[in-house]
Amino acid sequence: MPDQQEIESFMKSIKGQFGENCKLDTPLAPFTTYNVGGKADALVSPERIDELEQLVRSCKQKGIPFFI
């Protein structure tokens with residue numbers, strides 16, 4: 001499991017890669033049917049399948065937990 005510094009570095013990296021399609025520390029309620037949910041460390045919305053594949057691969061390599 002990566003430490004907090006590694007996670008923060010990774011999140012800055014994906015924010016740089018995905019720009020406006022990456023929101024950090026984002027409430028999930030607006031994205032659910034019942035408007036419930038906590039905060040996501042990062043909410044990423046890839047536009048292409050290859051971006052999703054790259055993101056998942058990067059998360060797995062660095063041991064960053066993710067949910068699709």
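Here we summarise the structure given alongside this text. The model shown is predicted, which means the values in this text are computed figures rather than measured ones.

## What about unusual backbone geometry?
Across the chain, the bulk of peptide bonds are trans and the bulk of non-glycine residues have phi less than zero. Phi angles above zero are rare outside glycine, and Asp25 is one such case at about 50 degrees. In this fold, Asp25 is placed in strand β1 (residues 22-27). Of the residues examined, Asp25 reaches a relative accessible area of 47% and is grouped as partly exposed. Located in the positive-phi region is Asn35, a residue other than glycine, with phi close to 55 degrees. Within the fold, Asn35 resides in the loop between β1 and β2 (39-44). You can call Asn35 exposed: its relative accessible area is 54%.

## With respect to the nonpolar core
Counting 10 residues, the largest nonpolar core consists of Ile7, Phe10, Met11, Ile14, Phe18, Cys22, Val44, Leu55, Cys59 and Ile64. With five residues, the top contributor of residues to this core is helix α1 (residues 4-18). Sequence-distant contacts of Ile64, defined by excluding residues within four places in its chain, comprise Pro2, Ile7, Phe10 and Cys59.

## Description of the pattern of salt bridges
As enumerated under the stated definition, the model contains three salt bridges in all. Lys39 is the salt-bridge partner of Asp25, the closest N and O atoms lying 3.7 Å from each other. Here Lys39 lies in strand β2 and Asp25 lies in strand β1, a separation of 14 residues in the sequence. One salt bridge in this structure joins Arg48 and Asp50, with 3.0 Å as the shortest N-O distance. Look at Arg48 and you get partly exposed, because its relative accessible area is 47%. Given the relative accessible area of 38%, Asp50 is considered partly exposed.

## Regarding the side chain of Glu51
On the secondary structure map, Glu51 appears in helix α2 (residues 49-62). For Glu51, a relative accessible area of 15% translates into the label buried. Contacts of Glu51, omitting those with residues within four sequence positions, involve Phe18 and Pro46.

Thresholds applied
Along each chain, numbering runs from 1 in the same order as the chain's sequence is written. Predicted model: local features are reported for residues with pLDDT of at least 70 only, side-chain atom pairs are reported and counted for 80 or more only, and whole-chain, interface and lining totals are derived from all residues. Each side-chain value is worked out from all heavy atoms of the structure, with water and hydrogens disregarded. Under the DSSP-based scheme used, a helix requires at least four consecutive residues in state H or I and a strand at least two consecutive residues in state E, with every element numbered from the N terminus. Only protein chains enter the accessibility calculation, which uses a 1.4 Å probe; a residue is then buried when its area is under 20% of its type maximum, exposed when over 50%, and partly exposed in between. Nine residue types can take part in a nonpolar core, namely buried Ala, Val, Leu, Ile, Met, Phe, Trp, Tyr and Cys, and a core is a set of them joined through side-chain atoms within 4.5 Å. When checking whether two residues touch, look at their non-hydrogen atoms; a contact exists if any pair is within 4.5 Å. Salt bridges are defined by distance alone: a side-chain nitrogen of Lys or Arg within 4 Å of a carboxyl oxygen of Asp or Glu.

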